[in-house]
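Listed below, chain by chain, are the residues.
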Amino acid sequence: MSEGAPGVLRLRAPKNAIDRRARPWWWTQWALVLVPIFVTLGALAWLLPPARSWLLLALVVLAVPTVPAAVFLPLWWYRVHRWEITEDAVYTRKGRVWREWRVAPMSRIQTVDIQRGPVEQLFGLATVTVTTASAKGAVTIPGLDHELAAELVDQLTRTTQATPGDAT
């Protein structure tokens, strides 16, 4: 049912955490970006002795902030990302530096999609995207078990079809 007065939805903290496998999924995404860069800089430093000091300096300058970020940000994101689906709305909370809390009333939902990139598939995860009639854009729920994501899309599709309103 509605939160508070009838017909009124309130922004509140969603109850559900994303799947634990989201952390290694995010770590892998960082690694897929950073490892080739580090390997390339290291290989060039080894192959080009005159530029070795500059290339190693570039490697260190890049590694010092990004390696800790790659390790600790997925831990933080896992703590922050939350989601919940009720009869009336989809609630999400996410944020890396700035937190974003969203509530999407069922009557405003236009489409519901599942996305599973290659790395997500490797970890058995999926991202659910709920497109609404909002200028802010779609609401996403990353890091869900792929079977749970399929169930949620089915549930949202049935609920939005049964919800009065024109989603505009």
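For the structure itself, consult the block above.
I will try to describe carefully the structure that is included in this document. (Residues numbered from 1 in each chain as written. Predicted model: local features only at pLDDT ≥ 70, side-chain atom pairs only at ≥ 80, totals over all residues. Heavy atoms only, no water.)

## Regarding the sheet that holds strand E5 (residues 109-115)
Then, number 1: Here we have 3 strands laid out as an open sheet, ordered E5-E6-E7, and antiparallel in their pairing. Looking at the sheet topology across the chains shown, the edges are occupied by E5 and strand E7 (139-145). Mean inter-strand twist for the sheet, computed between neighbouring axes without regard to direction, equals 20°.
Then, number 2: For strand E6 (residues 125-132) and E7, the ladder comprises 5 bridges, and the chain directions are antiparallel. Bridge pairing in E7 links Thr129 to Thr140. (Pairing = 2+ DSSP bridges. Helix = DSSP H or I, 4+ residues; strand = E, 2+ residues; numbered from the N terminus. Axes fitted to C-alpha atoms, helices over the stretch in contact; angles between N-to-C directions.)

## Quick notes on the pattern of salt bridges
Then, number 1: Overall, the coordinates contain 5 salt bridges when judged by the stated rule.
Then, number 2: Here Asp19 and Arg21 are joined by a salt bridge, their closest N and O atoms 2.9 Å apart.
Then, number 3: Using a relative accessible area of 29% as the deciding quantity, one classes Arg21 as partly exposed.
Then, number 4: Its salt-bridge partner being Lys94, residue Glu100 comes within 3.9 Å of it at the nearest N-O pair. (Salt bridge = Lys/Arg side-chain N within 4 Å of Asp/Glu carboxyl O. Buried < 20%, exposed > 50% of the residue type's maximum accessible area, 1.4 Å probe, protein only.)

## Quick notes on the side chain of Thr127
Then, number 1: Positionally, Thr127 belongs in strand E6.
Then, number 2: Polar contacts involving the side chain of Thr127 include one to the side chain of Glu120, which spans 2.6 Å.
Then, number 3: Setting aside residues no more than four positions away along its own chain, Thr127 makes contact with Trp25, Asp113, Ile114, Gln115, Glu120, Thr140, Ile141, Pro142 and Gly143. (Polar contact = N/O pair within 3.5 Å; in protein donor to acceptor, adjacent residues only side chain to side chain. Contact = heavy atoms within 4.5 Å.)

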